[in-house]
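Topology and contacts: notes
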Amino acid sequence: MSLTYGLESPRTPLRRFLDRELSAGVRRLRATYRARLPSGPLILPGERVGTEAGTVGTAIDQRLRLAFTAAAAVDDATRIGIGSIHLTARSLGPHRAWEALEAVGVQLEGLMNAAIPELGLHDRARPLMRADQEEERLARMLLAAAWYALNCRNYVAFPLTPLCKAAFADPGGFTLTTLLALPHRHLVDDVLAQLRAAEAGPLGRLRADTDPAACLPGPTFDGSVHVAADADLIAEGLLVDFKSTRRIHQFPLPMILQLLGYTLMDYKDRYRIDQVGVYLTRAGALIGWPIEDYLALLGARRRQLSDLRAAFEKLLSYPGCRADDEPLPDQLPGVEQLLAELAPVIEDGCCRVCAQPLAYPRVGTRPRLYCSAFCGSRAPSLRYHGWLT
């Protein structure tokens, strides 16, 4: 499983913990996000992109990572996808094409390891983009790599990719040249259009203002040993996730919680994350928040980030049930006990909803329960879900 899956299901310990901790819900944060969206047109994919929009998204994500730091030319998912083709063949059945796919994948990996470092993509003295011919060749490599990466993430869907179809149609004629010619012109153009927007927009300015040594692509976290998770980029304390969606007005709950989850999984504050945000590749927009503001807008009851991280570590390291799994019936009592132990302590004189100290704990002879009208309006919903006693 993964952090993403654990956040999508409301029944996992991971999601239940965060739903209870964030007393304000997501409405206020979502409002600040939408207020910062640009009004200009989006970069829309060509008609032949179709179901390959995810492939384009994977390719542009890796290209943007390479623009910030001298990262490994081949990302982990691609490397694992190439290296595990023999396992896929064992699961899906023998065919000559599997050998061709593995051999060409190894050649692609070698080509990328040789060609990409020579481009010096992280060099701040040079523009984010290289010459058109170089960028097109690089886009084709990254699109091909994205197809191989799918074998790591979902091997059952791997045979549906254009490279698998081409290899199965003609195993003997499937070569590296064939592979690099497979991405349709519209896929290449889509990657390049999003890259131009990045160079001309806030991501290009962020790149210019940061040191490559202080940028980390695809970071994993202390908590990744318990729940699989890796972000797109950390640039001098700013954690950024790249999103190639066309539905930019949507800021779904799992996406909101994903940014927080990454931050909380950095148990020892190794990355010194002080801001979180998303970069919308089709809008050329970078939308971020200081982590204190992010927590405040969500109404984190444990306002201190260190306290939240400590509770999160206990949740993720609990041996009775993976935090990103839905508990089985025999696991549920242990999960309920764990969540009860991790419940925020709301002391007298503090708001019953957000747990912050009340400036005026009494109104006349009656104790005051909430710090604001907003918290008072949230109380019935929290009580209904069992998040407020």
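Higher on the page you've got the structure.
Residues numbered from 1 in each chain as written. Predicted model: local features only at pLDDT ≥ 70, side-chain atom pairs only at ≥ 80, totals over all residues. Heavy atoms only, no water.

On to the pattern of salt bridges. Close approach of charged atoms lets side chains of opposite charge pair. Throughout the structure, instances matching the rule amount to 15 salt bridges. Across the pair Arg-63 and Glu-135 runs a salt bridge whose closest N-O atoms are separated by 2.7 Å. Taken as a pair, Arg-63 in helix α4 (residues 53–68) and Glu-135 in helix α8 (residues 132–153) lie far apart in primary sequence, 72 residues in all. Both residues of the pair, Arg-63 and Glu-135, belong to the buried class. Residue Asp-269 pairs with Arg-272 through a salt bridge whose shortest N-O separation is 3.8 Å. Assessed through its relative accessible area of 55%, Arg-272 is described here as exposed. By sharing partners, the salt bridges in this structure join Glu-136, Arg-140, Arg-185 and Asp-189 into a single network. (Salt bridge = Lys/Arg side-chain N within 4 Å of Asp/Glu carboxyl O. Helix = DSSP H or I, 4+ residues; strand = E, 2+ residues; numbered from the N terminus. Buried < 20%, exposed > 50% of the residue type's maximum accessible area, 1.4 Å probe, protein only.)

With that settled, the discussion passes to helix α15 (residues 305–316). Working note: α-helix, 3.6 residues per turn, so residues spaced by three or four point in the same direction. Given a rise of 1.5 Å per residue, twelve residues ought to cover 16 Å, and the 16 Å separating the end C-alpha atoms of α15 matches this to within 8%. Taken as a whole, α15 has its buried residues at Leu-305, Leu-308, Arg-309, Ala-311, Phe-312, Leu-315 and Leu-316. Projection of α15 onto a plane perpendicular to its axis shows the buried side chains occupying an angular sector of 165 degrees, all on one side. Looking at the buried side of α15, the elements it contacts are α2 (13–21), α13 (253–265), α14 (291–298) and α16 (332–341). (Expected span 1.5 Å × (residues − 1). Arc of directions from axis to C-beta. Contact = heavy atoms within 4.5 Å.)

Our focus in this paragraph is the nonpolar core. Ranked by size, the top nonpolar core spans 59 residues in total, and within it Leu-101, Leu-108, Tyr-148, Phe-174 and Leu-179 carry the most contacts. Here this core takes eleven residues from helix α7 (residues 96–119), the largest share from any one element. In this structure, Leu-18, Trp-289, Ala-300 and Leu-338 belong to the second largest nonpolar core, which totals 54 residues. (Core = buried A, V, L, I, M, F, W, Y, C linked by side-chain atoms within 4.5 Å.)

Let us look at α7. With 24 residues, α7 extends 35 Å from end C-alpha to end C-alpha; this agrees with the ideal 34 Å at 1.5 Å per step. Of the residues flanking the end of α7, it is Gly-120, one or two places downstream, whose phi is positive at about 55 degrees.

Another point: the packing of aromatic side chains. What the rule picks out here adds up to ten aromatic pairs. Seen in terms of ring centroids, Phe-221 and Tyr-271 are 5.7 Å apart; in terms of plane orientation they differ by 85 degrees. Their pairing is edge-to-face. Here Phe-221, found in the loop between β1 (215–217) and β2 (233–235), pairs with Tyr-271, found in the loop between α13 and β4 (275–280); they are 50 residues apart in sequence, far enough to count as distant. Take Phe-221 and Tyr-271: they sit in the same class, and that class is buried. (Phe/Tyr/Trp six-rings, centres within 6.5 Å; stacked < 30°, edge-to-face > 60°.)

Most of β4 is tucked away: five of the six residues are buried. The sheet contact formed by strand β3 (residues 238–243) and β4 spans six bridges and is parallel. Bridge assignment links Val-240 to a residue of β4, and that residue is Gly-277. Of the crossover connections in this fold, the one passing from β3 over α13 to the parallel β4 is right-handed. Taken together, the six bridges between β4 and strand β5 (residues 285–290) define a ladder with antiparallel strand orientation. Each bridged residue has a counterpart across the sheet, and for Tyr-279 the counterpart in β5 is Leu-286. Once β4 ends, the chain turns through four residues before running back antiparallel as β5, passing Gly-284 with a positive phi of about 65 degrees. (Pairing = 2+ DSSP bridges. Right-handed = clockwise from strand over helix to strand, strands pointing away.)

Attention now moves to the sheet that holds β3. What links the strands of a sheet is backbone hydrogen bonding, and the strands pair in either a parallel or an antiparallel sense. On the basis of which strands lie adjacent, the open sheet formed by five strands has the order β1-β2-β3-β4-β5 and mixed pairing. Pairing within the sheet leaves two strands with one partner each, and these edge strands are β1 and β5. When the angles between neighbouring strand axes are averaged without regard to direction, this sheet yields 20 degrees. Along the sheet face, α4 touches β1, β2, β3 and β4 and points at about 150 degrees away from the line of β3. Across the sheet, α13 lies against β3 and β4, angled at about 145 degrees from β3, the strand it touches most. (Axes fitted to C-alpha atoms, helices over the stretch in contact; angles between N-to-C directions.)

Time to look at the side chain of Asp-190. Residue position: Asp-190 is located in helix α11 (residues 185–200). For Asp-190, the contacting residues outside a window of four places in its chain are Ile-43, Leu-44, Pro-45, Val-49, Val-56 and Arg-282.

Orientation of helix α5 (residues 76–83) relative to α8, taken along the N-to-C sense of each, is 75 degrees, at an axis distance of 7 Å. On the basis of the axis angle, α5 is roughly perpendicular to α8. The residues of α8 that touch α5, namely those facing Ala-77, Thr-78, Ile-80, Gly-81 and Ile-82, are Ala-145, Tyr-148, Ala-149, Asn-151, Cys-152 and Arg-153. Residue composition of the contact of α5 with α8, by class: seven nonpolar, three polar and one charged. (Parallel < 35°, antiparallel > 145°, perpendicular 65-115°, else oblique. Nonpolar A, V, L, I, M, F, W, Y, C, P; charged D, E, K, R; others polar.)

A few words now on the environment of His-249. Turning to its location among the elements, His-249 is positioned in the loop between β3 and α13. Through-space distance from the C-alpha of His-249 to that of Tyr-33 is 8.6 Å; in sequence the pair is 216 residues apart. Beyond its immediate chain neighbours, meaning those up to four positions away, His-249 contacts Tyr-33, Arg-34 and Leu-37.

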